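Report on the structure
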Amino acid sequence: MSSNQQATGEAFFGTLPTLNNKDERIYSFWDMVWITGGYAIASWCYVQGGWLSSMLTFQQLVFSTFFVFILGGLFAYTITIMACRHGMDVVFFMRAVFGEVGMKIMFCLIMLTGMGYSAINAQLYANSFIKILGAAGLDLGPGWVPWLGATCVLLGTALAIRGPIAVKWATRIMVPSLLAVGFIIIILLFTNLTWNGLDNLKPIEASYYDSPYTIAVEWNLAYVIAWISVLGVIPRYGKSERISYWGHIIGFSVIMGIFVILGGMTGLVMAAKTGVISLDPTDWLISLGGAYLGLMSVFVVALANVTTQALDLYSVSVSTKVLRPTGSFKWICVGLSLFVLALLFWGGIWEFYDSFLGIIGVISGPTLALIVTDYYLVRKQNISMRDAYMVQGNRKYFYTGGFNLVTVVCFLAGIVAYLMCYDVINSVPKQKIFYVCTATGWSIITTSILYYAASRIPVLRAYMVPEDDSLNKTNTFNMSNDV
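In this text, all values refer to a predicted model and were calculated from it rather than measured experimentally.

Things to note about the overall build of the protein chain
- The helix and strand tally for the protein chain stands at 21 helices and two strands.
- Long-range pairs, those at least 24 residues apart, make up 84% of the contacts in the protein chain with a sequence separation of at least 6.
- Summed over all atoms, the accessible surface of the protein chain reaches about 18200 Å², with 67% contributed by carbon and sulfur.

See the structure below:
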């Protein structure tokens with residue numbers, strides 16, 4: 001194997017930054033859209049939409065989802081620009097923000113909570129096949145769900161281990177298939193109901209919540225930023241910053257928003273027809289499309305979940321190598337799949353989905369605020385690559401015992417701001433500020449203001465940006481493509 005091939009292999013499966021060449025910058029705009037779209041139209045979008053349909057009318061569903069997904073995405077996905085510009089996983093930049101030890105702790109928190117979506121994905125895969133086998137005369141009880149879901153995790157792991165090129169081609173096949181399923185759902189919806197009829201449908205659990213619309217906005221914002229753990233890998237392979245940023249906006253904001261709304265619409269119709277709230281798209285497809293068409297669509301959804309599982313495992317596994325750069329990508333991927341299996345067999349993510357979203361908001365909100373504020377406002381888009389990768393003993397980002405103490409204070413302040421205005425467990429607003437910007441929004445605002453204010457104090461800035469006293473501000477991998 002040549003040295004160039006070894007470097008490319010390490011960029012694909014390890015920690016080296018990707019270089020600005022055709023061998024490593026392999027994703028075009030449409031590749032980026034297809035891959036992020038693979039996330040967008042996965043079954044977890046239907047779960048989010050189905051949950052929202054229990055508390056929102058159709059018009060509320062459309063406005064709250066698109067408004068939050070677009071605005072939230074425009075802010076959140078700016079981190080894909082830095083990943084593409086430097087060819088560096090955002091996790092390495094987190095070393096500059098949180099410190100060497102703090103970065104590892106924060107990444108573990110973000111990664112472990114985000115993997116809950118993989119467990120949801122596997123459970124929906126299992127539900128799909130239980131429906132298919134049931135139609136064939138083989139009735140399986142709920143005890144089979146985790147065992148069938150485990151096959152989704154294992155197949156996804158096998159695909160993820162093959163790397164980004166395999167993921168790229170798998171999504172090119174499965175994303176159009178899922179788009180076709182979405183088109184079928186739209187036809188089934190308006191075969192059963194008119195636009196006016198859809199407008200008149202009432203959510204059957206809206207009365208259970210205090211201000212259901214604002215709570216739905218909170219859930220959507222937490223959902224948008226939940227993908228922070230996978231936003232640092234795929235952008236590295238983009239051919240330009242523009243491609244990485246807008247590819248993610250279209251995939252994670254526009255396409256994802258459409259499919260969340262589609263899931264909400266279907267949930268409203270099914271609840272109106274059957275009186276039952278279901279978060280499972282397999283129930284909708286069979287209920288609205290009949291056995292033959294419904295089961296055919298369910299089969300496509302089940303297979304597509306494998307691709308989604310692969311993309312999630314690949315992205316998080318590459319990021320996880322920052323914890324141990326010499327570790328095997330393959331075995332890290334296997335280890336993460338075991339964690340997903342543990343969540344799947346536990347079943348708590350599915351049962352307590354609203355609390356799960358709250359936990360994501362608590363952790364991801366302040367983290368995102370610190371990363372974006374630090375890179376764009378405090379460091380002015382400069383980063384010491386040598387210190388980020390600790391090359392030749394460069395460890396200015398070690399800070400105090402491995403922690404940036406200013407960041408720790410601001411992060412904790414963001415958590416306190418969140419918990420003071422929203423009860424995560426019971427989904428109950430606690431302060432009026434919640435109705436203005438939601439708990440996640442308030443947490444982001446609080447954290448950003450405090451961190452930026454601290455950076456304006458000379459003694460604190462000298463501590464927060466230790467590379468200021470040297471000329472080591474390299475943008476070696478800067479592609480100079482303004483968004």
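Now that the structure has been shown, the text picks up again.
Some thoughts on the side chain of Ser-317
- When you line up the elements, Ser-317 lands in helix H14 (residues 281-320).
- Assessed through its relative accessible area of 0%, Ser-317 is described here as buried.
- Here Leu-313 takes part through its backbone oxygen, which lies 2.6 Å from a polar atom of the side chain of Ser-317.
- Setting aside anything within four residues of it in sequence, one finds Ser-317 in contact with Phe-329, Ile-332, Cys-333 and Leu-336.

So, the nonpolar core
- Tyr-117 and Tyr-223 are the most contacted members of the largest nonpolar core, which has 136 residues in total.
- Those residues in contact with Tyr-117, other than ones at most four positions away along the chain, are Trp-44, Tyr-223, Ala-226, Trp-227, Tyr-353, Phe-356, Leu-357 and Ile-360.

A word on the environment of Ile-250
- Mapped onto the fold, Ile-250 is located in helix H13 (residues 241-274).
- Its relative accessible area of 28% is what places Ile-250 among the partly exposed residues.
- Each C-alpha atom of the pair Ile-250 and Thr-36 lies 8.1 Å from the other, and the pair is 214 residues apart in sequence.
- Each residue touching Ile-250, except ones within four places of it in the same chain, is listed here: Phe-29, Val-33 and Ile-255.

Quick word on the pattern of salt bridges
- Counted under the stated rule, the structure contains three salt bridges.
- One salt bridge connects Glu-241 with Arg-85, and the closest N-O pair in it is separated by 3.0 Å. Pair noted here: Glu-241 is in helix H13 and Arg-85 is in helix H5 (residues 79-86), with a separation of 156 residues, a long-range link.
- By relative accessible area, Glu-241 is classed as buried at 1%.
- Exposure remark for Arg-85: the relative accessible area of 9% places this residue in the buried category.
- A salt bridge links Asp-374 to Arg-379; the nearest nitrogen and oxygen atoms lie 2.4 Å apart. There is no split in this pair, since Asp-374 and Arg-379 are both buried.

Details of unusual backbone geometry
- Positive phi, close to 65 degrees, is recorded for Tyr-399, a residue that is not glycine.
- Looking at where Tyr-399 falls in the secondary structure, it is placed in the loop between helix H18 (385-388) and helix H19 (405-421).
- Not every positive phi belongs to a glycine, and Thr-438 is a case in point at roughly 65 degrees.
- Mapped onto the elements, Thr-438 comes out in helix H20 (residues 434-455).
- Residue Thr-438 is classed as buried on the basis of its relative accessible area, which comes to 4%.

A look at the environment of Phe-190
- Looking at where Phe-190 falls in the secondary structure, it is placed in helix H10 (residues 164-192).
- Put simply, Phe-190 and Val-269 are 79 residues apart on the chain and 9.8 Å apart in space, counted from C-alpha to C-alpha.

Cut-offs applied
Residues numbered from 1 in each chain as written. Predicted model: local features only at pLDDT ≥ 70, side-chain atom pairs only at ≥ 80, totals over all residues. Heavy atoms only, no water. Helix = DSSP H or I, 4+ residues; strand = E, 2+ residues; numbered from the N terminus. Contact = heavy atoms within 4.5 Å. Areas by Shrake-Rupley, 256 points an atom, 1.4 Å probe, with all protein chains shown as cover. Buried < 20%, exposed > 50% of the residue type's maximum accessible area, 1.4 Å probe, protein only. Polar contact = N/O pair within 3.5 Å; in protein donor to acceptor, adjacent residues only side chain to side chain. Core = buried A, V, L, I, M, F, W, Y, C linked by side-chain atoms within 4.5 Å. Salt bridge = Lys/Arg side-chain N within 4 Å of Asp/Glu carboxyl O.

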